[in-house]
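Okay, here's what each chain looks like letter by letter:
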Amino acid sequence: MSLKDFRVVVAIDFGTTYSGFAYANQINPDITVNELWPGQFKTRLTMHKTNTVLQYNTTSSDPKKWTVNYWGFPALAQEPTKRSRHQSSETNNTLPVELFKLLLADNLRNYEKPYLPNGLDYEKAISDYFSQMKSLIEEVLNKRWPGIKFTQVRFVFTVPAEWRPHTIGILQDCIHKAGFTETKHLNNNLEFTTEPEAAAIYAMGKLGEHRIQEGSSFMVVDCGGGTVDLTTRTLLPNNKLSEITERTGGLCGSTYIDREFARFLEKKLGFAAVDKFRRENYGQYQSLIHHFFCPRIKFEFIDEKDVFRNIDLDIERTCPALIEYINKEIRDAIEDDDWLIEIKYEDVLTMFEPVVEKILNLIRDQLASSKQRCSTMFLVGGFAESPYLVKKIRDTFVSVVPIITVPQNPITAVLSSTRGREVTPDEPCSGTYYPIYPDQTSILFDVYVTSRKNARFCDEEGMRKIGDLEIDIPDIEGGTDRPVEFSLMFGELLITATARNMKNHKIYSAKFDYVKNSSYFEATEI
C-alpha cells in the first residue's frame, strides 16, 4: 500500500510518565490531539495525555498471565484511606506498574532501573499498554470516521534520539504484539521518527511568531519524563529544515527529580526502609510521588527562597506503611515530631540541581557543536512546565540565545507535528542505470550507510551494508539499452529504495530497516 492509500495518520508519543496520540485525515490534515481519556479529569498536564501506568490483576502466580485492570490515570494508586493504610496492593491482588519505558534504555545502570515485580517482563508491560491504547484509538477513529480499518491508518511512533537500532526493534515487536501491525517487519503503515525531529517540525510552525528569517538557526530542547532530547536546525527556503548538529539526548527527565526526592527520604529514614517500602508497598510509594511530591513540590518549585514555604510530609497520613520498615532509633525521633518531615527550600533545590545541571550541559554541548549562532530556543515536553527549569535555562543562556520560549501546551509539541506526509531530512536522490552485459537478466543494487560525511566508496572504514535490492530485466533482446531508474528516499529510521524497469514499467521497492538490518520487499506493475 502506498502512502496515498492511507486515510488517516496517527502520531503516538509513548512517554516515560505520560503518553498521548493525535490524528489527522489525509484529505483535511488538521491535527486533532486526543483529549478524552478513560476515568480522567482534564487538568493542565493531563488534558492532552494520560499516565503511562498499568494496574495488573495479579491473581495468577505467573506474571505472564497477569491481565490489565486499568491503564492510564485510573491505574494510579489512590491515596491511602484508614482502611487501606497498612495494606499492600498485593493483598488485593492488584499491582501498579510504571516507568517501564526506561527499561528500554541501553545505558541504564542497575541501580537506576525502575522497580518491576519479579517475573514481569517489561516488554509485556509495554505491549499491554499499547494494546489498551490501541482499543481507545480504534474507538476514537471509528467515532470520527465510521467503518475505518487499521489497514487504512498509518502510525507514527516517536522515539528518543539516543535510542539504538536494536532498542527500536524491541519497541517494534511490542507494537506488533499489541495489534497495530499485521506483520513484524517495518512496512508502510508504521514509521518511527525521533522526538527532536518531531519537535523541530512543530517548532517550525512557530517561527513566524518570533520573526525568524530564512538562514536562521533554532534549537529544540524536548524535556520529557525520562529523557531530554536536543536538535539544532536551520530554516531553509520553502519551509524546509536542515540539521546542523547531531541530535543528542540524555537520561535527565523529570522522573529523575522524583528519584532525588526518594534519596532525600533515604537520608532521613534510612535506605533499607525506603527501598523495602518501595518494593513491598509500591502502591503507596506511587501515591506519595503522584499525589504529594509532584503537585505540591515538583510542579510548583521556583528559584525564589523568599517566597518558598516549608512543606510538611505527614508520613502517618501519606505513606503509613513506611513506618514499619523504619528502625527503632529513627522511628522514635520521627514519632516525637508527630511523624512529620519538614521539607525546606534547600532540600528541594538539592533535588533539582543535579538533574537540571545535566540538562544545562547538554545545551552547552549542543551550542558548542554548532558553527552558526542559535537565534531561538524552544523548550517543549512535560518537564518544560517546570518554572525552575525554565528560569535556570533562561538565566544561563539568555546572553547567547536571544529568544528562549515555551510554547503553549509544550507537552503536546511532539504530537502536533504530524501532517500526514512523509517527513524526510533530505530530498530523494535518483539516477538511471543500464546493464553491463547484453544478456544480463537482473541488476543488484547494494545499499550502504555510514556516519562519515565525505565517504565515497563502499569499502571505506565505517561503511556498513544494510541490504540490497535486485530487479529483473528479462527482456534481453534490448541488449544494454534497458534503463532502470533507481532512487533512495532517506527517512528518519529507514531508507526506501525504489527501482523501476523503464521498459516493462515494473516497480520494485524495499525498505531497509535501520532497526534490525532487515528489509521489506515488494514488486508491483503499473
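Throughout this description, residue numbers start from 1 for each chain and increase along the sequence as written. pLDDT decides what is reported in this predicted model: residues at 70 or higher carry local features, side-chain atom pairs at 80 or more are listed and counted, and totals for whole chains, interfaces and linings draw on all residues regardless. The basis for the side-chain values is all heavy atoms of the structure; hydrogens and waters are excluded.

- Naming follows an unreviewed UniProt entry, where the chain appears as Actin-like ATPase domain-containing protein of Rhizophagus irregularis.

## Focus on the overall build of the chain
Then step 1. Numbering of helices and strands starts at the N terminus; helices are DSSP runs of H or I of at least 4 residues and strands are runs of E of at least 2. Looking only at helices and strands, one finds 10 helices and 24 strands in the chain.
Then step 2. When a residue's accessible area, from a 1.4 Å probe over protein chains only, is under 20% of the maximum for its type it is buried; when over 50% it is exposed; and in between it is partly exposed. A burial count over the chain gives 52% of its 526 residues as buried.
Then step 3. The contact criterion used throughout is that any non-hydrogen atoms of two residues lie within 4.5 Å. Long-range contacts, defined here as pairs at least 24 residues apart, represent 68% of the contacts in the chain between residues at least 6 apart.
Then step 4. To be clear on the numbers: accessible area is Shrake-Rupley with a 1.4 Å probe, and residue cover counts the displayed protein chains and nothing else. With the model as given, the accessible surface of the chain reaches about 25,000 Å², and the carbon-plus-sulfur share is 47%.

## Things to note about the nonpolar core
Then step 1. One finds Phe261, Ile315, Met377 and Ile393 to be the most contacted residues of the largest nonpolar core, which totals 68 residues.
Then step 2. Broken down by element, this core gets its largest block of residues, 11 residues, from helix H9 (residues 345-368).
Then step 3. Start and end points for every domain follow an automatic or database-based domain assignment. A domain split of this core shows at least three residues from each of domain 1 (8-63 + 92-193) and domain 2 (194-252 + 352-415).
Then step 4. Look past the residues within four positions of isoleucine 393 in its chain and what remains in contact with it is Ile359, Leu360, Ile363, Met377, Leu379, Val398 and Ile404.
Then step 5. To qualify as a nonpolar core, a set must consist of buried Ala, Val, Leu, Ile, Met, Phe, Trp, Tyr and Cys residues joined through side-chain atoms within 4.5 Å. Residues Tyr56, Leu95, Ile168 and Phe180 belong to the second largest nonpolar core, which totals 44 residues.

## As for the packing of aromatic side chains
Then step 1. Think of it this way: a Phe, Tyr or Trp ring, Trp meaning its six-membered ring, pairs with another when their centres are within 6.5 Å, and the plane angle makes it stacked under 30 degrees, edge-to-face over 60, tilted otherwise. For the structure shown, the criterion picks out 30 aromatic pairs.
Then step 2. Between the aromatic rings of tyrosine 282 and tyrosine 285, the centroid separation amounts to 5.7 Å while the plane-to-plane angle is 45°, which identifies the pairing as tilted. Pair noted here: tyrosine 282 and tyrosine 285 are both in helix H6 (residues 282-298), with a separation of 3 residues, about one helical turn.
Then step 3. What makes tyrosine 282 buried here is its relative accessible area of 5%.
Then step 4. We call a charge positioned over a ring when the NZ of a Lys or the CZ of an Arg lies within 6 Å of the ring centre and within 35 degrees of the ring normal. One cation-aromatic arrangement involves lysine 101 over phenylalanine 14; the distance from NZ or CZ to the ring centre is 5.7 Å.

## Considering a negative patch on the surface
Then step 1. Each patch is assembled from residues with relative accessible area greater than 30% and no salt bridge, linking like charges that lie within 9 Å and nonpolar side chains (Val, Leu, Ile, Met, Phe, Trp, Tyr) that lie within 5 Å. Salt bridge, as used here, is a side-chain nitrogen of Lys or Arg placed within 4 Å of a carboxyl oxygen of Asp or Glu. His residues and chain termini do not enter the charge count, which takes Lys and Arg as positive and Asp and Glu as negative. Lys charges are placed at NZ, Arg charges at CZ, Asp charges at CG and Glu charges at CD. A cluster of acidic side chains, namely Glu316, Glu335, Asp336, Asp337 and Asp338, defines a negative patch on the protein surface.
Then step 2. Summarising the element assignment, aspartate 337 is placed in the loop between helix H8 (328-336) and strand E15 (340-343).
Then step 3. You can call aspartate 337 partly exposed: its relative accessible area is 46%.

## Quick word on the sheet that holds strand E6 (residues 67-71)
Then step 1. On the basis of which strands lie adjacent, the open sheet formed by 3 strands has the order E6-E5-E7 and antiparallel pairing. For this open sheet the edge positions go to E6 and strand E7 (94-98), each flanked by a neighbour on one side alone. In this sheet, adjacent strand axes meet at a mean angle of 35° when their direction is disregarded.
Then step 2. Angular values range over 0 to 180 degrees, each being the angle between N-to-C directions of two axes fitted as lines to C-alpha atoms, with helices fitted over their stretch in contact. Sitting on the sheet, helix H1 (residues 122-144) touches strand E5 (53-57) and E6, and the angle it makes with E5 is about 105°.
Then step 3. Along the sheet face, H6 touches E5 and E7 and points at about 45° away from the line of E7. The criterion for strand pairing is that DSSP finds at least two bridges linking the strands in question.

## Quick word on unusual backbone geometry
Then step 1. Backbone geometry at leucine 99 places phi at a positive 60°, although glycine is not the residue there.
Then step 2. Here leucine 99 is to be found in the loop between E7 and H1.
Then step 3. Positive phi outside glycine occurs at aspartate 338, with the angle close to 60°.
Then step 4. Among the structural elements, aspartate 338 can be located in the loop between H8 and E15.

## Focus on the packing of helix H4 (residues 255-269) against helix H5 (residues 271-280)
Then step 1. Look at H4 against H5: their axes get within 6 Å of each other, and the N-to-C directions meet at 130°. The orientation of H4 with respect to H5, classified from their angle, is oblique. Every residue of H5 that contacts H4 at Ala262, Leu265, Glu266 and Leu269 is listed here: Phe271, Ala273, Val274 and Arg278.
Then step 2. Split into classes, the residues belonging to the contact of H4 with H5 amount to 6 nonpolar, no polar and 2 charged. Here the angle decides the label: under 35 degrees means roughly parallel, over 145 means roughly antiparallel, 65 to 115 means roughly perpendicular, and every other value means oblique. Amino acid classes used here: Ala, Val, Leu, Ile, Met, Phe, Trp, Tyr, Cys and Pro are nonpolar; Asp, Glu, Lys and Arg are charged; the rest, including Gly, are polar.

## Some details on the side chain of arginine 482
Then step 1. By secondary structure assignment, the location of arginine 482 is in the loop between strand E20 (464-472) and strand E21 (484-490).
Then step 2. Accessibility expressed as a relative area gives 1% for arginine 482, which makes it buried.
Then step 3. Whenever two N or O atoms come within 3.5 Å, that pair is a polar contact, provided that in protein one can donate a hydrogen and the other can accept it, and provided that, for residues adjacent in sequence, both atoms are side-chain atoms. For arginine 482, the side chain forms a polar contact with the main-chain oxygen of glutamine 440, separated by 2.9 Å.
Then step 4. Leave out the neighbours within four places in its chain, and arginine 482 touches Tyr433, Tyr434, Pro435, Tyr437, Pro438, Asp439, Gln440, Ile473, Pro474, Asp475, Ile476 and Lys503.

## Observations concerning the pairing of strand E11 (residues 228-236)
Then step 1. In terms of burial, E11 is largely enclosed, as 8 of its 9 residues are buried.
Then step 2. As paired strands, strand E10 (residues 217-223) and E11 are joined by 7 bridges and run antiparallel to one another. Considered in E11, the bridge of aspartate 222 is made with aspartate 229.
Then step 3. Direction of pairing for E11 relative to strand E13 (residues 248-250): antiparallel, over a ladder of 3 bridges. Residue pairing across strands places valine 228 opposite glycine 250, the latter belonging to E13.
Then step 4. One ladder, built from 4 bridges, connects E11 with strand E12 (residues 240-243); its direction is antiparallel. In the strand pairing of E12, arginine 233 is matched with glutamate 243.
Then step 5. The hairpin turn running from E11 into E12, its antiparallel successor, is 3 residues long, and asparagine 238 in that turn takes a positive phi close to 60°.

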